[in-house]
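Tertiary structure, described
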Amino acid sequence: MPDSSPLTGGHRPIVTAAEMRALEAAAIAQGVSEFELMARAGHAAARAIIAYAAPADTLVLCGPGNNGGDGYVIALALAEAGWPVRVAALAPSGTDTARQAAEGWTGPVETLDKATAPASLLVDALFGIGLTRPLDGRLSAILARLGEGAGTRVAIDLPSGVATDDGACLSPPLACDLCISFGAAKPAHYLHPAAAHVGRLVIAPIGLAPAHSDLTVIGKPRFAALDADTHKYRRGHVLVVGGPAHATGAARLAALAAQRAGAGYVTLLSPSAALAANAAQLTGVVLAEADTPRDIAKALAEPRAGALVIGPALGPERHKVIAALEVGKPVVLDADVFTLFANDAAGLAKLIAGPAVLTPHDGEFVRLFGDLPGSKVERVCAAAARIGAVVLLKGPDTVIAAPDGRAAINAHASSALATAGSGDVLAGIIGALLARGLDPFEAACAGAWLHGDAGQRGGAGLIAEDLPGLLPAVLADLA
Ligand SMILES: NC(=O)C1=CN([C@@H]2O[C@H](COP(=O)(O)OP(=O)(O)OC[C@H]3O[C@@H](n4cnc5c(N)ncnc54)[C@H](OP(=O)(O)O)[C@@H]3O)[C@@H](O)[C@H]2O)[C@@H](O)CC1
Ligand SMILES: Nc1ncnc2c1ncn2[C@@H]1O[C@H](COP(=O)(O)OP(=O)(O)O)[C@@H](O)[C@H]1O
Ligand SMILES: [K+]
């Protein structure tokens, strides 16, 4: 049995525009006015701006809706704090609440047009969750010009131009330094391409009921300490299926990552033709000969074997995948598995008999599941439901979904991870967490976070080989 079940923690809710409006409506039903919510939002945003930037000449761009209303509150709060503030409006306020906020601003209101002069600090309060279509070309050009002229760009709720729920850029948003949102994060804060325009994200509480959502952003995981009397098998025994003699590196990377992620025992199941290559490179990882699907199944069926990683540089070994799945123990399916089951998600689903995590990148995802419609979150949720297992779709905005509807985005990563072999390391980390007894969804979430943290520590010059060696520091800092 693995050590007492480790915990993961810190998932924070992400809400769609409709869920945000429902939270707002619930607060209003409790007796809070919409204007009170706007005042809280605007003041919280002004405080966040003051905390972020030194006082500077500021231009607040106000749109016609309540995002613009927030803008007027912010302008007043900054002016009261002594900041030199100008306001430029796209159009008169179109809601009662925004009008009330606009009336509170007693300074001049410029018309936002091509003559509007830039300022050092630009506040984009044009559109938030109410954006329904691209900004017109003229407005986009004005926004871009003012953005270029500013030293600091701040988005209120969302950079104007991004679609709240799927992270699309309907028109080019400002590349913001700071984004202040209210109550809970929205998908666009984490999903690309929108996420690249968000900068530092501050979620300001405005007194709404806690958001509950099936979609979360992954926080720092927490693990229970090892039992004092643990032994190597209780920490988890991971098997990694090796590839042919000319492609042995990927499985070794996964094996090393599994070791460093905390597995007490890692075995590389190598074809006999690749034994020498593997033996020359491995020390603590145990090497075992496994040529046939039966060999794989037998090794995994051993009572101590906790999880198996299969796919990295596996080669055309569909029967090994089938044999491994028949055992019903936890598996990580990666890389070549998606080629072996191209366009056959239904066939793969029938074979999955135990807990499983699939870790495709975009190309592999399409190879297995086809071109699914919807946002990245919707596509991964649909894939998880279809395959009956956890699916982790890699990328700068890794999305993980379970067949029961849970979904999460990992935003804790680094573009330094875009290096060959980095995905093999991720598969090994998740294998270790499965062998340690984590539920597959939590193993995938925590694995993505740990992998991302290692990537952040590695930074420029990182190669996949470095990642396992960074994990001890990652794990040490979790406490
Ligand atoms: N929910 C909450 O709890 C709280 C919400 N708060 C704040 O309210 C914001 C949501 O406000 P909102 O609903 O008024 O929408 P908003 O984003 O201002 O845009 C709507 C306006 O823009 C227009 N419009 C849309 N697209 C357009 C385009 N491309 N080009 C031109 N026009 C376009 C659209 O017109 P229409 O589409 O009807 O023609 C409408 O007039 C939210 O993001 C947050 O900042 C906070 O105050 C605190 C509590
Ligand atoms: N721009 C990026 N920002 C953050 N993480 C990234 C980025 N690009 C790739 N990654 C991560 O790096 C890993 C790459 O995996 P993969 O494409 O399978 O590589 P390989 O097959 O070479 O091992 C994934 O975990 C992915 O999420
Ligand atoms: K905005």
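As the structure is a prediction and not an experimental result, all values here were calculated from the model.

Details of the sheet that holds strand 12 (residues 286-289)
- The strand order 1-9-18-17-16-15-14-13-10-11-12 describes an open sheet built from 11 strands, whose pairing is mixed. Of all strands in the sheet, those with a lone pairing partner are strand 1 (12-13) and strand 12, marking the two edges.
- Pairing geometry for strand 10 (residues 237-241) and strand 13 (residues 307-310), over 3 bridges, is parallel. Within strand 13, the residue paired with L239 across the bridge is L308.
- Each of strand 9 (215-217), strand 15 (356-358), strand 16 (390-393), strand 17 (398-401) and strand 18 (407-410) touches helix 13 (residues 376-387); the most contacted strand, strand 17, lies at about 35° to it.

What about the UniProt feature "binding site: K(+)" (unreviewed entry) in the protein?
- In the UniProt entry, the feature "binding site: K(+)" (unreviewed entry) is given for N67, D124 and S160. What stands out for the annotated residues spanning 94 residues is how close their C-alpha atoms remain, the widest pair being 9.6 Å apart.
- Assignment of secondary structure puts D124 in strand 5 (residues 121-125).
- Those residues in contact with D124 that lie beyond four places of it in its chain are L61, N67, V154, A155, I156, L158, P159, S160 and L174.
- Reaching out from D124, the side chain makes a polar contact with the backbone nitrogen of L126 at a distance of 3.1 Å.
- Relative to the helices and strands, S160 is located in the loop between strand 6 (152-156) and strand 7 (178-182).
- Note on S160: relative accessible area 1%, which makes it buried.
- Sequence-distant contacts of S160, that is, excluding residues within four places in its chain, are made with D124, L126, F127, L135, L143 and P173.
- Side-chain polar atoms of S160 contact the side chain of D124, separated by 2.5 Å.

Notes on the site of ligand 1
- Of all residues adjacent to ligand 1, which total 22 residues, the nearest are N66, D70, G128, R133 and D157.
- Here an oxygen atom of ligand 1 sits 2.5 Å away from a polar atom, N or O, in the side chain of D157.
- Relative to its unbound accessible area of 940 Å², ligand 1 is 80% covered by the protein chains.
- When grouped by side-chain class, the residues that make up the shell around ligand 1 number 11 nonpolar, 6 polar and 5 charged.

What to know about the nonpolar core
- Ranked by internal contacts, the top residues of the largest apolar core, which has 51 residues, are V238, V240, V266, I400, I429, I430 and L450.
- Discounting residues that sit within four places of it in the chain, V238 has contacts with A258, A263, Y265, V266, T267, A307, V309, G431, A432 and A435.
- By size, the runner-up hydrophobic cluster in this structure holds 49 residues, among which are V15, V154, V162 and F182.

Remarks on the site of ligand 2
- Taken together, 17 residues lie near ligand 2, and K394, G395, L417, G421 and G423 sit nearest.
- Within the backbone of L417, an N or O atom sits 3.0 Å from an oxygen atom of ligand 2.
- A distance of 3.3 Å is found between an oxygen atom of ligand 2 and a backbone nitrogen or oxygen belonging to D424.
- Against a free-state accessible area of 570 Å², the protein chains account for coverage of 78% of ligand 2.
- Sort the elements by how many residues they give to the shell around ligand 2 and helix 14 (residues 422-435) lands first, with 4 residues.
- For the shell around ligand 2, the residue count by class is 6 nonpolar, 9 polar and 2 charged.

Section: unusual backbone geometry
- The residue after H192, namely P193, is reached through a cis peptide bond having omega 10°.
- The residue P193 is located in the loop between strand 7 and strand 8 (200-204) in this model.
- Although it is not a glycine, N343 adopts a positive phi angle of roughly 55°.
- In this fold, N343 is placed in the loop between helix 10 (336-340) and helix 11 (345-351).

Some points on helix 14
- With 14 residues, helix 14 should reach 20 Å at 1.5 Å per residue; the first-to-last C-alpha distance of 20 Å fits that figure.
- Most of helix 14 sits inside the fold, with 14 of its 14 residues counted as buried.
- Positive phi appears at G437, one or two residues downstream of helix 14, with a value of about 110°.

Structural notes on the pairing of strand 7
- Counting buried positions along strand 7 gives 5 out of 5 residues, so the element sits mostly inside the fold.
- On strand 7, burial covers both faces: L178, I180 and F182 on one face and C179 and S181 on the other are all buried.
- Two elements, strand 6 and strand 7, share 3 bridges in a ladder whose sense is parallel. Looking across to strand 7, one finds that A155 is bridged to C179.
- Pairing between strand 7 and strand 8: 5 bridges, direction parallel. By the bridge assignment, I180 is partnered in strand 8 with V202.

Remarks on the side chain of T58
- Note on placement: T58 falls in strand 2 (residues 58-62).
- From its side chain, T58 meets the backbone oxygen of A56 in a polar contact 2.8 Å long.

Description of the environment of L239
- Within the element layout of this structure, L239 appears in strand 10.
- Using a relative accessible area of 1% as the deciding quantity, one classes L239 as buried.
- Between the C-alpha atoms of L239 and V286, which are 47 residues apart in sequence, the distance is 9.4 Å.
- Setting aside anything within four residues of it in sequence, one finds L239 in contact with T267, L269, A299, L300, A305, A307, L308 and V309.

Things to note about the sheet that holds strand 2
- Strand order in this open sheet of 7 strands is 4-3-2-5-6-7-8, and the pairing throughout is parallel. A strand with exactly one partner marks an edge of an open sheet, and here the two such strands are strand 4 (109-111) and strand 8. Averaged over all pairs of adjacent strands, the angle between strand axes in this sheet comes to 25°, irrespective of strand direction.
- With 5 bridges joining them, strand 2 and strand 5 adopt parallel strand pairing. Directly across from L61, in strand 5, lies its bridge partner D124.

Points about the pattern of salt bridges
- A full pass over the atoms with the stated rule returns 14 salt bridges.
- Between D157 and K186 there is a salt bridge; the shortest N-O distance is 3.5 Å. Within this pair, whereas D157 is found in the loop between strand 6 and strand 7, its partner K186 is found in the loop between strand 7 and strand 8, the two being separated by 29 residues in sequence. Take D157 and K186: they sit in the same class, and that class is buried.

Scoring rules and cut-offs
Residues numbered from 1 in each chain as written. Chains lettered and ligands numbered in written order. Predicted model: local features only at pLDDT ≥ 70, side-chain atom pairs only at ≥ 80, totals over all residues. Heavy atoms only, no water. Pairing = 2+ DSSP bridges. Helix = DSSP H or I, 4+ residues; strand = E, 2+ residues; numbered from the N terminus. Contact = heavy atoms within 4.5 Å. Axes fitted to C-alpha atoms, helices over the stretch in contact; angles between N-to-C directions. UniProt positions renumbered as here; feature names shortened; annotations may be inferred. Polar contact = N/O pair within 3.5 Å; in protein donor to acceptor, adjacent residues only side chain to side chain. Buried < 20%, exposed > 50% of the residue type's maximum accessible area, 1.4 Å probe, protein only. Near = heavy atom within 4 Å. Areas by Shrake-Rupley, 256 points an atom, 1.4 Å probe, with all protein chains shown as cover. Nonpolar A, V, L, I, M, F, W, Y, C, P; charged D, E, K, R; others polar. Core = buried A, V, L, I, M, F, W, Y, C linked by side-chain atoms within 4.5 Å. Expected span 1.5 Å × (residues − 1). Salt bridge = Lys/Arg side-chain N within 4 Å of Asp/Glu carboxyl O.

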